[in-house]
Structure formats: C-alpha cells, structure tokens
Amino acid sequence: MAEHPAGIKAESWLVSAGRASEPGAPLNVPLVPASNFIIGGGREYSRDDGTPTWEALEDLVGGLETGRGVAFASGMAAIAAVFDQLTAGAVVVLPDDCYQGVAGLAAAGAEKGRWSVERVAVDDTQGWIGACARADLVWLESPSNPLLTVADLHAICAAARKPGCIVAVDGTLATPLNQCPLAFGATVSLQSATKFIGGHSDLLAGVASTRDEALWRALRKSRELSGATPGTLEAFLALRGARTLALRLQRAQQTAMLLAERLERHPQVALVRYPGLASHPTHAVAQRVLAGFGTIISFDLHGGAGVADSVCRNTLLIRHATSLGAVESTMERRAAIPGQEHLPPSLLRLSVGIEDAEDLWSDLDRAIRAASA
Ligand SMILES: *Cc1c(COP(=O)(O)O)cnc(C)c1O
C-alpha cells in the first residue's frame, strides 16, 4: 500500500486526514454550509473558492492518490471536467468495456463534432500503446465495469507520456487503496466517491486528482464555470464514510474471493469473472497492478435472463439494486439496463458488502437453486 505525503500508511491517513489539532477545535471536520465568506480571508464565494468541508475531502482523497484533489457533485461531474479540457477535434480513446455514463458522454460529444472516439479492448496493451500516439485523451477504466478486465496500467501509462496528452484512469472499482494510477504515470485519477469512498449509498460525489498543477487549476476552473460543486452534506458524509474505507474494503474483498471460488464450482453457474481467480483472463496483470482484487463479481448463469432475473428477486440479504461499493451487498442483471444489451443476458453483477460471508453464500446459493429448479 502506498505511503502518503504525511509519511504514514493509507489506512492511517484515511482516519487522520483533515482533523484539527488546536486545543478546543472540533475533532471532526465541521460541516460548513456556506455560499459566501467575509471578504479579505482569501475565500469569498464557495463555487469559486471552495469550502473547508470540500477541501477536507479533497485533501483526504488527493493524499491517497498521491496528488491534489478537486471534489465534484458526482463521479460524472469530475469526469465531464476532464473531457472539458479537450480542444476542438481532439481524439479520445476509450475502453471497449466502460462505465456507461462515460461512453454516453463521449458519444454525445462526438455526435456534436467536438471530438472523435476510438475504442480499444481493455486487455489489448499493444492496442493502447499504438492508440496513445494519436490520442489527446487516453481514458482508462480498470478494473472495467462490469466485465472486470484489468488493464496493464504500468505499460500503458508509460507509453502514453506525450506532452499535451491527458492519461485519465477511472479507478472507482479499485479504490485508491488497491491501485494508485498517478504513481504509474497517469495524469489524472478519477473516483466516484458515491461508491467505495462514501460507502453507504447515501450520497453522490466525485474526486479528480492530479500532480499536474496546471491541470489542477483547470479542473477547479471547470468546476467554477459549470457549477458542478459538491454538496456540503455530501462532502461531510463522504469524509465520514472514508474513515472506514480500509476496513470495509478488506472485509468485503475477503468475502468476494470466497464467494467467487464457490460460484465457480456451482453447477448452475456458467462463468465467473473475478480478477482474483486464477481462471480470470487478466489475473496475472491484476496480481501486478492491484493491491487487492476488489469486491465486485460478475457471473453468468445457465438458463439465461429469466433465471438471472429470478435470482435477483429471490435473494433476501443481497438487495436487488444498482450501484456498488457500499456496506450492503447489491446485485443486478446488467443487460436489463437500457444501452447495456450487448452484455451476456444472464450476467449478474454482485457488489459484495460487509455482511457475514456464510450468510451471503447461503442467500446466493438458495436463490440460484430456487431459480434453476
Ligand atoms: C458510478 C461510476 C461512475 C459515475 O459516478 P457517479 O458518482 O454516479 O456520477 C463512474 N465510473 C465508474 C467506474 C462508476 O462505477
């Protein structure tokens, strides 16, 4: 796990970042609901200058990422601010398996003639290295969502180092604890704090982090002009959630490994995708690039979409809901989502939470058996 600017481990930084030390100061970062401040203190209007609550979240996530953070209203707002850096006619290279919001944003801009888009398979390292030579924005997402393919970030980030080319990594599924894109040479690292950092399915927020001072300023400017500022309560809750990120992740990824191994042996399961399994196509890359294999499992069932829908309806502990990275386990059939019909029809994406592992397994096994009977 990466060391942090303060010379402490990530787990300690998560707990200590942003806390005051002066006698009488509140131990926790205060929730500061403010649009404006008394002039003369360097902070006048929050959309331009930020607030102490947003800054505490930026320091915490930016520190984990070994860069400087800018907090946004959502993960997509942070991502849109990176695309906002492109000049007319730019070339954007996207993974073939990619968060649907990012694919949608790229397609919408291409339709308006703002940029052109190329797609490269997540695991086609040579394809990425080739595309980097032509690209203005190299957009990587790893592990990818929902197929959980792991990109060789070491090799690709090194090859993409070209002046003026932004190499962006959406590492939401890995969290900054399992993967540090800036250390591999990425220009900017994105987190949807809605997911693991918040961790309780009760907020939307995003953070973009970079070591490039000019890009940091440009992202701040983009937030100021678009108004995509984080909510104060959301920033407060994201900070509170982040305090337990290391514990939640450790616990849930231990359970995810166990569930993935058992699912792989289940007679009603056709295929399991989890980067921690030796059978996973990018397992070797995952071992090199990731400090942990994460909490998301995608698996296909024998019997098609109907059986998969029935499994989702029949679990009790595992809630039938979208999103991922929270304390509670959730599961959904991804091909049921408009625009995701290209995915295997019976693919279920399971986000493993912090419940008891055996309880989760019983729930899953019972629902699969009932649906397949
Ligand atoms: C959820 C998610 C996003 C978008 O984040 P929001 O906070 O929902 O806007 C982007 N990338 C990945 C990989 C995600 O899982």
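Heads up: these notes are all about the structure in this document.

Cut-offs and rules
- Residues numbered from 1 in each chain as written.
- Predicted model: local features only at pLDDT ≥ 70, side-chain atom pairs only at ≥ 80, totals over all residues.
- Heavy atoms only, no water.
- Salt bridge = Lys/Arg side-chain N within 4 Å of Asp/Glu carboxyl O.
- Helix = DSSP H or I, 4+ residues; strand = E, 2+ residues; numbered from the N terminus.
- Buried < 20%, exposed > 50% of the residue type's maximum accessible area, 1.4 Å probe, protein only.
- Polar contact = N/O pair within 3.5 Å; in protein donor to acceptor, adjacent residues only side chain to side chain.
- Contact = heavy atoms within 4.5 Å.
- Phe/Tyr/Trp six-rings, centres within 6.5 Å; stacked < 30°, edge-to-face > 60°.
- Lys NZ or Arg CZ within 6 Å of the ring centre and 35° of its normal.

Remarks on the pattern of salt bridges
No. 1: Here the structure, examined in full by the defined rule, presents 15 salt bridges.
No. 2: When the shortest N-O distance is used, the salt bridge between Glu-58 and Arg-223 registers 2.9 Å. Placement of the pair is Glu-58 in helix 3 (residues 52–64) and Arg-223 in helix 10 (residues 213–226), with a sequence separation of 165 residues. Comparing Glu-58 with Arg-223, the two get one shared label, buried.
No. 3: Between Glu-213 and Arg-217 there is a salt bridge, and its shortest N-O distance comes to 2.7 Å. With a gap of four residues between them, Glu-213 and Arg-217 both fall in helix 10, about one helical turn apart.
No. 4: A relative accessible area of 37% places Glu-213 in the partly exposed class.
No. 5: Take Arg-217: its relative accessible area is 51%, and that puts it in the exposed class.
No. 6: Bridged by salt links that share partners, the residues Arg-68, Glu-213 and Arg-217 form one connected network.

Description of the side chain of Ser-329
No. 1: Its location among the elements puts Ser-329 in the loop between strand 10 (319–320) and strand 11 (330–333).
No. 2: A polar contact is formed between the side chain of Ser-329 and the side chain of Glu-355, at a distance of 2.7 Å.
No. 3: Those residues in contact with Ser-329 that sit more than four places away from it in its chain are Leu-317, Ile-318, Arg-319, Ser-351, Val-352, Gly-353, Glu-355 and Leu-360.

Examining the packing of aromatic side chains
No. 1: Within the structure shown, the criterion is met by two aromatic pairs.
No. 2: Ring plane angle 55 degrees and centroid distance 5.3 Å describe the contact between Phe-83 and Trp-115, whose orientation is recorded as tilted. Separated by 32 residues along the polypeptide, Phe-83 in helix 4 (residues 75–83) and Trp-115 in strand 3 (residues 115–120) bring together distant segments of the chain.
No. 3: What makes Trp-115 buried here is its relative accessible area of 10%.
No. 4: When the centroid spacing of 5.4 Å and the interplanar angle of 40 degrees are considered together, the rings of Phe-83 and Trp-139 count as tilted. Placement of the pair is Phe-83 in helix 4 and Trp-139 in strand 4 (residues 137–141), with a sequence separation of 56 residues. Note on accessibility: Phe-83 and Trp-139 belong to one class, buried.
No. 5: Aromatic rings pair up to connect Phe-83, Trp-115 and Trp-139 into one cluster.
No. 6: Directly above the ring of Phe-37 sits Arg-43, whose terminal nitrogen or CZ lies 5.6 Å from the centroid.

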